[in-house]
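# Remarks on the overall topology
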Amino acid sequence: MATAPVYCICRLPYDVTQFMIECDACKDWFHGSCVGVDEDDAPDIDIYHCPNCEKTHGKSTLKKKKNWNKQDTGQSGDVRPVQNGSQVFIKELRSRTFPSSEDAVVKLVGSQLTLDYLEEHGFDEPILVLKKDGLGMTMPAPTFYVSDVENYVGPDVLVDVVDVTKQTDSKMKLKEFVDYYYSTNRKKVLNVINLEFSDTRMASIVESPQIVRRLSWVENYWPDDALLGKPKVTKYCLICVKDSYTDFHTECAGASVWYHVLKGEKIFFLIKPTSANLSLYERWRSSANHSEMFFADQVDKCYKCILKQGQTLFIPSGWINAVLTPVDCLSFSGHFVHSLSVDMQMRAYEVEKRLKVASLTPFSNFETACWYVGRYYLERLKGESPSYLVHGAKIINGAFRSWTKKQALLEHEDELPENMKPAQLIKDLAKEIRNAEVRRFPSADSSDNESLHIDTEAKTEVKGRNSKASKKKGGSAAGILDLLQASKQVGGIDYSNNSQPPASPSTQEAIQGMLSMANLQASDTCLQPAWNNSQAKSNSHGGSTGRKPAGGAGSSNGKRPAKRTPKKPRKSSSVDSVDMFDDDQDHLDACFKDSDYVYPSLESEEDNPIFKSRSKKRKSSDDTPYSPTARVGPSIPRQERPAREGARVASIETGLAAAAAKLSHQVSVFPTAQLTDNLNAAPFPPPAKRLKKGMATAKQRLGKILKIHRNGKLLL
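In this report, we go over the structure that sits alongside the text. Throughout, a residue's number is its position along its own chain's written sequence, starting from 1. Since the coordinates come from a predicted model, pLDDT governs what is reported: local features require at least 70, and pairs of side-chain atoms require 80 or more to be given and counted, while whole-chain, interface and lining totals use all residues. For side-chain calculations, the full set of non-hydrogen atoms in the structure is used, while hydrogens and water are omitted.

On the surface, a cluster of positive charge is made up of Arg401, Lys427, Lys431 and Arg434. The dominant element in the positive patch, judged by the number of residues it contributes, is helix H14 (residues 422-440), at 3 residues. Structurally, Lys431 can be placed in helix H14. Note that patches include only residues with greater than 30% relative accessible area and no salt bridge, and the join distances are 9 Å for like charges and 5 Å for nonpolar side chains (Val, Leu, Ile, Met, Phe, Trp, Tyr). To measure how exposed things are, a 1.4 Å probe is used in the Shrake-Rupley method; for residues, cover is taken only from the protein chains shown. Between Lys or Arg on one side and Asp or Glu on the other, a salt bridge is scored when a side-chain nitrogen of the former is within 4 Å of a carboxyl oxygen of the latter. Counting rule for charge: Lys and Arg are taken as positive, Asp and Glu as negative, and neither His nor the chain ends is counted. Where a charge lies is defined by one atom per residue type: Lys uses NZ, Arg uses CZ, Asp uses CG and Glu uses CD. Note on conventions: DSSP H or I runs of at least 4 residues are helices, E runs of at least 2 residues are strands, and numbering of each starts at the N terminus.

This next bit is on the packing of aromatic side chains. Under the pairing criterion, centres of Phe, Tyr and Trp rings, with the six-membered ring standing for Trp, must be within 6.5 Å; the plane angle then separates stacked pairs below 30 degrees from edge-to-face pairs above 60, leaving the rest tilted. On inspection of all chains with the given rule, the structure shows 24 aromatic pairs. Relative to Phe366, the ring of Tyr349 has its centre 4.8 Å away and its plane inclined at 45 degrees; by these criteria the two rings are tilted. Note that Tyr349 is positioned in helix H10 (residues 342-355) and Phe366 in helix H11 (residues 366-380), a separation of 17 residues in sequence. Three labels apply to residues, based on accessible area from a 1.4 Å probe with only protein chains included: buried if under 20% of the type maximum, exposed if over 50%, partly exposed otherwise in between. The exposure class of Tyr349 is buried, given its relative accessible area of 5%. Each member of the aromatic cluster is reached from another via a ring pair, and the members are Phe89, Phe98, Tyr245, Phe248, Phe269, Tyr281, Trp284, Phe294 and Phe295. It is Arg186 that lies over the ring of Tyr180; its NZ or CZ is 5.8 Å from the centre. Each ring is checked for a lysine NZ or an arginine CZ that lies within 6 Å of its centre and within 35 degrees of its normal; such an atom marks a charge sitting over the ring.

Let's shift gears to the pairing of strand E14 (residues 256-263). Burial analysis of E14 places 7 of its 8 residues in the buried class, the great majority of the element. By the convention used here, strands pair only if DSSP detects at least 2 bridges between them. Across 7 bridges, the pairing between E14 and strand E19 (residues 329-336) is antiparallel. Its bridge partner being in E19, Lys263 is matched across the sheet by Leu330. Sheet topology note: the E14/strand E17 (residues 312-315) ladder contains 4 bridges and is antiparallel. Residue Trp258 lies in a different strand from E17, and its bridge partner there is Phe314.

Turning our eyes to something else, we now look at the sheet that holds strand E13 (residues 244-249). Taken together, 4 strands build an open sheet; the order of strands is E13-E18-E15-E16 and the sheet is antiparallel. Looking at which strands have only one partner, the edges of the open sheet turn out to be E13 and strand E16 (303-308). Strand after strand, the sheet turns through a mean of 15 degrees between neighbouring axes, direction not considered. Strand direction decides the pairing type here: strand E15 (residues 265-271) and strand E18 (residues 320-325), joined by 5 bridges, are antiparallel. Each bridged residue has a counterpart across the sheet, and for Phe269 the counterpart in E18 is Ala322. Throughout, a contact is declared for two residues whenever any of their heavy atoms are within 4.5 Å. Between the N-to-C directions of two axes lies an angle of 0 to 180 degrees, each axis being a line fitted to C-alpha atoms and, for a helix, fitted only over the stretch in contact. Against the sheet, helix H9 (residues 275-286) makes contact with E13, E15 and E18, and its axis sits at roughly 115 degrees relative to E13, the strand it touches most.

Here it is in structure tokens:
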């Protein structure tokens, strides 16, 4: 019967579980543990000679390295990038100075760290607790050490081991790592940072801080009968040797994290999660050579926080941190997501999704936890809720909408809990958010309606006061309250049959103010014929003005007239002249009338588009340079047009003077003498006399007297 071949100096058969290397001289295979060759070092060997062949063929030779920066020892004279985690890097990192953590870390006593404290002050800065007393936390005895971890967890449990120098990870049995930890000749710097033990016997002797258990979504809202796996992130054991280093990172899903050092010491390098820093971090982490760049050099401040034996550190969501272990250290930690930092958690989660970087401490089924929390928010918001819960519910409901979009559903449906109706939850949660905001801020969701309601009440109140004032003053119509009523009548004109309102609101209020002071009733019918004629003429020119109907834009229905579209430039000068004359006539026709007088529009030349266009054309014609090839036509004098019948019942000056005379016999709340003097003044002062700014036209002077604001409001 044939026997199995044997190999190596131990002369044992092949074992698939052990690493072996072939000798290039004798072609025999040797166990790496028997000849002192590590599996990680094998790729660097160019020619290998076993111990027997070394005597005749010489020692093994290594491959020539083209880039030594991966394990730069600093012995070469060339300037090369230093690998993060290398011996040169650790030495330099120890010698550097950083801003003190006193400016960024809050120090508390364990009993002070309560939910009430965090609700009042927030959880935006790291918190350092010097003693574990008062934290409601359970830790092993001080005599507990790494060998005890092996006994509680199990020697054959596979753990992820990080090679600090190369910043790579590999699998190893816990027993093998413990043997390495206690060895006196450590050729490498290895550490274990993700030994999650919540399902082992060690979970009974380690309990997270009470505030963590109270805040954690996973521990409070994850159903026991859920089909999807519960995230195992609550209890980690970290076994790190001297000079272990973890490069800058954010916790998965934007989780907050707590650390407690049982033995040894740790140094944290902390960077605030500002928008700028998060953007820099995402760019740095996505670069191919990020392991050759120290991220702290790219931000304005990086704080150094030393965590000594027996102390506990709480790092909030989103904080970018790196960890250095100056001495052998055994510590415990845990990750938790909560309602105090929903916004930052979602931002960090989105950054993580974009980077697509594998992590040794993943937060599995984070979106599932969010759905369960959303269901909790739905019930919680039905009563009185703090503002941070309402804000968190808005953020998380926005995420639900994003995850359930048709183009994104395929990517997120795997984390959707069973028996969950996402559309109904989104709708109901949005309703409860609105109700909660209304309870906290009654005017937040009804500002438009409230302003409209107040406006209506104000008009009613003014009307009531006006009626009382009229009774007291014997029916006088010359007071300010009468002007308010007149302004209200102007605002109530129905423009549904016209494409444009007769005049600007401020002009109409000025006209109505004059009428009310003259004890006249406003009538909207006197404006409509003139503007109907203008509309007919406008239509006859075939859309040259480009106006759109503004049907039903009166103030009675609470809507404003539609905006006018800008006029298109006209090419024909003959059409310009005809339209100009017609617009002039329309401008004269658009006025209030009664049986005695005609009240012309108080529009100034600045407000009148007719005069504006005319002045621009004159200016452009005067500024036209001389051209010998230009055709000069005969200058035809402007023909006198016959005045339209009924257009001028009396002169402007006579009408204004008569109105002032009537006012002088009535009781007014402001001096009528000043009003009479201003009304008797010429509507257009002579060019030689330069008036004050804002007093050039009758409209402006009347506005000064009546104190009518530009937007049409009357200031008392």
